[in-house]
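Breakdown of the fold
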Amino acid sequence: MISLRLIFLFLIISFSASAQKDYKLWLQYDKIANTDLRTKYLSDIQGIVSLGNSETAVTSSKELENGLTEMLGTKITVKSKLDQASSIIIGSESSLNSEIQKASEIDFNQINDEGFIIKSISIKNKKHILISGKKDVGVLYGIYSFLRLIQTNKSIQNLDIIDSPKTNIRILNHWDNLDRTVERGYAGFSLWNWQKLPDFIDQRYIDYARANASIGINGTVLTNVNANALILTPQYLEKVEALAKVFRPYGIKVYLTARFSAPIEIGGLKTADPKDAAIANWWKAKAKEIYTIIPDFGGFLVKANSEGQPGPQNYGRDHVDGANMLADAVAPFGGIIMWRAFVYSEHDANDRAKQAYAEFQPYDGKFKENVIVQVKNGAIDFQPREPFHPLFGATPKTPLMMEFQITQEYLGFSTHLVYLPKLFQEVLESDTYQKGKGSTVAKVVDGTLYKNKITGIAGVANIGNDINWTGHPFAQANWYGFGRLAWNPYLDSEIIADEWLRSTFCNDENFIRPVKEMMINSREAVVNYMTPLGLHHIMDTGHHYGPGPWVSNLSRPEWNPVYYHKADKNGIGFDRSKTGTNAVAQYAPEAAKIFDNLETCPEKDLLWFHHVPWDYKLKDGHNLWDGMALKYQEGVNQVKAMQETWNKIEKYVDSQRFKEVQMLLNIQYKEAKWWRDACLLYFQQYSGKELPIGVEKPTQSLEYFQSLKFPFAPGN
Ligand code: BDP
């Protein structure tokens with residue numbers, strides 16, 4: 001009896017310990033396994049000297065104290081004065097005394113307000129490490145960067161690290177509704193417990209802020225772009241304030257989505273016309289009300305006249321009128337407007353991929369100074385692969401903000417392991433040619449191409465109240481990687497994966513090497529088994545779960561997969577070349593030329609830009625049909641290889657996360673085969689060709705795949 005009870009207790013303890021691992025994200029702070037290294041660190045880190053006393057400074061020193069104590073396995077204490085021990089000295093420029101300043105010889109002009117410097121210094125013949133910045137928030141970022149060095153077992157000798165974020169706004173967009181459902185959310189319900197706020201502060205809010213600060217995220221839009229005006233009422237603003245207060249010490253500002261028709265819905269007015277003085281005044285008063293409660297409120301994110309949302313066009317006005325009216329309301333308080341360019345209309349017969357550019361490019365230079373236009377990475381909608389959006393680089397006088405989707409709406413939800421920084425990097429590295437060769441998307445986004453004042457990167461969050469935050473343990477890497485790239489859009493996704501794995505799991509090379517490779521390859525795998533060679537938007541309708549290339553019965557033509565693949569007896573693909581919709585002409589001439597020509601168009605984008613005959617010869621000699629079928633098979637094989645990799649690393653991972661990932665990879669493998677079989681059976685009707693050798697025969701019929709329905713698919 002007793003032993004049974006003991007076993008039970010042991011099970012509970014070990015379960016909650018590993019559940020905690022899931023919860024702790026990349027801030028595990030595990031004790032350093034290599035004892036020699038730990039001893040070495042301990043000789044350099046005998047204490048912490050914390051010079052600041054702001055809320056942020058106190059938060060920083062607590063984080064450093066906890067992190068170091070856990071990793072070094074010895075209590076590292078915080079002191080306020082330097083003594084004879086080698087210490088980590090932390091404090092902003094103004095808190096450094098003349099002795100430290102002299103010893104460090106730091107030139108603070110090398111960093112911006114959020115930047116930091118980590119430097120090995122010597123005072124009275126004693127070695128110390130100084131972590132400083134112009135402001136306390138920079139010191140906070142420096143501390144996380146220093147902790148990362150230890151987490152990843154790097155040397156801390158002769159440090160001289162100077163780093164500043166390259167963008168101003170590094171922000172998560174939560175598509176969270178007030179009833180706590182999350183649009184396109186696959187990790188449970190919304191973190192924001194509106195019913196218990198403002199009085200109940202969930203520990204989650206604090207850990208959310210820590211996680212974000214640790215990767216440099218400095219803003220969060222709490223609410224869905226398909227907005228509810230109620231968030232702007234006093235009852236809710238008081239709750240928003242409570243969150244803002246939790247996030248403030250971590251350098252994170254709160255933003256909200258503004259429903260354009262709010263003056264009608266909560267203001268009792270008859271119109272929301274941006275040119276009506278009463279409306280402009282209503283927004284001015286609303287902004288004042290918000291800033292009175294939340295002085296550092298960031299501003300509004302707006303989805304207007306897009307997918308049925310209200311906007312200025314309802315009153316015969318345009319996006320500029322709408323954005324500028326709101327910009328005027330928040331300008332006195334230093335607020336900004338992030339106005340989305342995700343527009344397309346069923347009444348526009350134009351290729352959907354052309355509509356946002358057609359509408360927004362002519363507005364260049366017309367927006368107020370505190371408006372930034374938020375553009376999705378591609379011209380359609382967060383597909384496994386899209387060429388970069390033609391608006392990037394095409395608006396020299398209007399700052400553009402990147403919008404990535406971290407939540408995997410079109411990439412297998414939180415069930416598929418897909419490492420997204422690889423996708424983000426591909427987009428950021430793309431050359432727009434708008435100011436000659438080398439005019440990359442990253443340079444547009446960080447403002448160096450056109451010297452923009454406001455710059456930013458937004459990511460649609462993949463976070464919910466699941467214990468592990470993101471549904472899939474590896475989806476945490478997408479949140480992490482997003483933050484790191486928002487900080488520095490030139491970082492390499494492989495380095496990011498390395499950091500994340502070491503901070504989240506362990507430093508053992510036998511684990512890191514294969515698992516990193518698995519992550520890096522996972523992005524191409526999903527492209528292969530879902531939408532190879534430039535195919536796009538062939539997911540089943542509404543929920544976007546699983547394949548649905550046959551769907552053709554929706555009222556809006558551009559919501560139907562057949563609109564995008566255009567498969568027929570002659571071939572497959574969307575002709576966006578000069579002879580088709582001429583979408584290529586929206587790019588700079590050099591880029592347009594590359595995409596327009598079948599010979600030079602990258603094969604990965606082939607069917608995005610061209611309708612190609614089934615017999616067309618691909619670069620590897622296969623005809624298009626065979627090449628496409630082999631890509632689908634390759635995707636399946638890649639997932640199988642991922643499973644094999646994972647099954648070999650069991651001894652390096654706690655049993656819970658091992659098992660979770662194993663089960664998820666099993667689902668991914670099943671679904672990769674589903675994608676391959678359903679798509680190939682469907683397209684085969686048009687190609688009329690046999691499957692090439694090497695491609696497995698489907699085990700079900702096309703009718704079977706078409707009959708599958710998912711009325712309760714999440715996030716819809
Ligand atoms: C689409 C989503 C939809 C969003 C929309 C948007 O399916 O739920 O509301 O984008 O970004 O991808 O506004």
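Residues numbered from 1 in each chain as written. Predicted model: local features only at pLDDT ≥ 70, side-chain atom pairs only at ≥ 80, totals over all residues. Heavy atoms only, no water.

**As for the nonpolar core**
- Counting 228 residues, the largest nonpolar core has Phe146 and Phe683 as its most contacted members.
- The contacts of Phe683, once residues within four sequence positions are left out, are Leu535, Ile538, Pro549, His565, Ala567, Ile572, Trp614, Trp625, Met628 and Tyr632.
- Counting residues in hydrophobic clusters, the runner-up holds 11 residues, among them Ile89, Leu96, Ile100 and Ile121. (Core = buried A, V, L, I, M, F, W, Y, C linked by side-chain atoms within 4.5 Å. Buried < 20%, exposed > 50% of the residue type's maximum accessible area, 1.4 Å probe, protein only. Contact = heavy atoms within 4.5 Å.)

**Examining the sheet that holds strand 10 (residues 299-302)**
- The 8 strands are arranged 7-8-9-10-11-12-13-14 in a closed barrel whose pairing can be described as parallel. Averaged over neighbouring strand pairs, the angle between their axes works out to 25° when direction is ignored. (Pairing = 2+ DSSP bridges. Helix = DSSP H or I, 4+ residues; strand = E, 2+ residues; numbered from the N terminus. Axes fitted to C-alpha atoms, helices over the stretch in contact; angles between N-to-C directions.)

**Let's talk about the sheet that holds strand 1 (residues 47-50)**
- Spatial strand order, 2-1-3-5-4-6: 6 strands in an open sheet with mixed pairing. Each edge of the open sheet carries a strand with a single partner, namely strand 2 (78-79) and strand 6 (160-163).
- Taken together, the 3 bridges between strand 3 (residues 87-90) and strand 5 (residues 126-132) define a ladder with parallel strand orientation. Each bridged residue has a counterpart across the sheet, and for Ile88 the counterpart in strand 5 is Ile129.
- Sheet strands in contact with helix 3 (residues 55-72) are strand 1, strand 2 and strand 3, and its direction is about 175° off that of strand 1.

**A closer look at empty space enclosed by the protein**
- By the definition in use, this model includes 7 cavities of 30 Å³ or more.
- Put simply, the largest cavity is a space of about 80 Å³.
- In terms of lining residues, the largest cavity is bounded by Ala341, Phe342, Val343, Tyr344, Arg352, Ala356, Val375, Lys376, Gly378, Ala379, Ile380 and His389.
- Where the lining of the largest cavity is concerned, the elements lending two or more residues are helix 11 (352-360) and strand 12 (371-376).
- Counted by class, the lining of the largest cavity contains 8 nonpolar, 2 polar and 2 charged residues. (1 Å grid on protein atoms, 1.4 Å probe; cavity = no way out; pocket = protein on both sides within 12 Å on 5 of 7 lines; lining within 4 Å. Points joined across faces, edges and corners; volume = space filled by probe spheres on them. Nonpolar A, V, L, I, M, F, W, Y, C, P; charged D, E, K, R; others polar.)

**A look at the site of the ligand**
- With respect to spatial proximity, 14 residues lie near the ligand, and among them Glu183, Lys303, Lys376, Asp381 and Glu409 are the closest.
- Between the ligand and Arg184 there is a distance of 2.9 Å, counted from an oxygen atom to a side-chain nitrogen or oxygen.
- Residue Lys303 places a side-chain N or O atom 2.6 Å away from an oxygen atom belonging to the ligand.
- Here the ligand has 320 Å² of accessible area as a free molecule, and 96% of this is covered by the chains.
- Along the lines of polarity and charge, the residues of the shell around the ligand split into 4 nonpolar, 2 polar and 8 charged. (Near = heavy atom within 4 Å. Polar contact = N/O pair within 3.5 Å; in protein donor to acceptor, adjacent residues only side chain to side chain. Areas by Shrake-Rupley, 256 points an atom, 1.4 Å probe, with all protein chains shown as cover.)

**Notes on the side chain of Ser522**
- Looking at where Ser522 falls in the secondary structure, it is placed in helix 16 (residues 509-530).
- Excluding residues within four positions of it along the chain, Ser522 makes contact with Leu417, Val418, Tyr419 and Met642.

**Considering a negative patch on the surface**
- A cluster of acidic residues, Glu429, Asp492, Glu494 and Glu517, forms a negative patch on the protein surface.
- Along the chain, Glu494 falls in helix 15 (residues 493-504). (Patch = residues over 30% accessible without salt bridge, like charges linked within 9 Å, V, L, I, M, F, W, Y side chains within 5 Å. Salt bridge = Lys/Arg side-chain N within 4 Å of Asp/Glu carboxyl O. Lys, Arg positive; Asp, Glu negative; His and termini not counted. Charge placed at Lys NZ, Arg CZ, Asp CG, Glu CD.)

**Quick look at the packing of aromatic side chains**
- If you walk through the whole model with that rule in mind, you get 47 aromatic pairs.
- Centroid distance Phe360 to Tyr363: 5.5 Å. Interplanar angle 85°. Geometry classified as edge-to-face. Like Phe360, the residue Tyr363 is buried in the burial classification.
- Ring-pair connections join several aromatic residues into one group, and the members of that group are Tyr23, Trp26, Trp192, Tyr205, Tyr208, Phe247, Trp469, Trp479 and Tyr480.
- For Lys239, the ring lying beneath its charged end belongs to Tyr236, and the centroid distance is 6.0 Å.
- Between Arg556 and the ring centre of Trp559, over which it is positioned, the NZ or CZ distance is 4.5 Å. (Phe/Tyr/Trp six-rings, centres within 6.5 Å; stacked < 30°, edge-to-face > 60°. Lys NZ or Arg CZ within 6 Å of the ring centre and 35° of its normal.)

**Overview of the domain arrangement of the chain**
- Segmenting the chain into domains produces domain 1 (17-163), domain 2 (169-504) and domain 3 (528-574 + 611-707).
- Placing the centre of domain 1 and that of domain 2 at their C-alpha centroids yields a distance of 32 Å.
- With 22 residues of domain 1 at the interface, the matching set in domain 2 holds 30 residues.
- The contact between domain 1 and domain 2 buries some 2,400 Å² in all, and 56% of this surface belongs to carbon and sulfur atoms.
- For the domain 1 face of the interface with domain 2, the top three residues by lost area are Tyr23, Trp26 and Arg148, together amounting to 33%.
- One can count 3 salt bridges joining domain 1 with domain 2.
- Between Glu499 and Arg148 there is a salt bridge, with its nearest N and O atoms 4.0 Å apart.
- Here the side of domain 1 that touches domain 2 takes 6 residues from helix 5 (residues 136-151), the largest share from any one element. (Domains from an automatic or database assignment. Buried area = accessible area lost by both parts, 1.4 Å probe.)

**Examining the pairing of strand 11 (residues 336-340)**
- Along strand 11, 5 of the 5 residues are buried, which leaves the element largely enclosed by surrounding structure.
- Neither face of strand 11 is left uncovered, since the one carrying Ile336, Met338 and Arg340 and the one carrying Ile337 and Trp339 both have all their residues buried.
- Bridging between strand 10 and strand 11 involves 4 bridges; their strand directions are parallel. The residue bridging Leu301 from the neighbouring strand is Met338, located in strand 11.
- Since strand 10 and strand 11 lie parallel, the crossover through helix 10 (residues 319-330) that links them has a hand, and here it is right-handed.
- At this point the chain moves from strand 11, through helix 11, to the parallel strand 12, and the crossover so formed is right-handed. (Right-handed = clockwise from strand over helix to strand, strands pointing away.)

**Things to note about the packing of helix 15 against helix 16**
- Relative orientation of the contacting elements helix 15 and helix 16 amounts to 135°, with a least axis distance of 10 Å. It follows from the interaxial angle that helix 15 and helix 16 lie oblique. In this structure, helix 15 meets helix 16 at a crossing whose hand is right-handed. Contacts between helix 15 and helix 16 involve Ser493, Glu494, Ala497, Asp498, Trp500, Leu501 and Arg502 on the former and, on the latter, Glu509, Phe511, Ile512, Val515, Lys516, Met519 and Ile520.
- Along the lines of polarity and charge, the residues of the contact of helix 15 with helix 16 split into 8 nonpolar, 1 polar and 5 charged. (Parallel < 35°, antiparallel > 145°, perpendicular 65-115°, else oblique. Left-handed = near helix turned anticlockwise from the far one by under 90°.)

**So, the pattern of salt bridges**
- Applying the stated criterion across every chain yields a total of 39 salt bridges.
- Where Asp615 meets Lys689, a salt bridge forms, and the shortest distance between an N and an O atom there is 2.8 Å. With Asp615 in the loop between strand 16 (612-613) and helix 20 (624-648) and Lys689 in the loop between helix 21 (655-687) and helix 22 (702-707), the pair connects residues that are 74 residues apart, well separated along the chain.
- Owing to a relative accessible area of 22%, Lys689 belongs among the partly exposed residues under this scheme.
- Linked by salt bridges that have partners in common, Arg385, Glu426, Arg523 and Glu524 make up one network.

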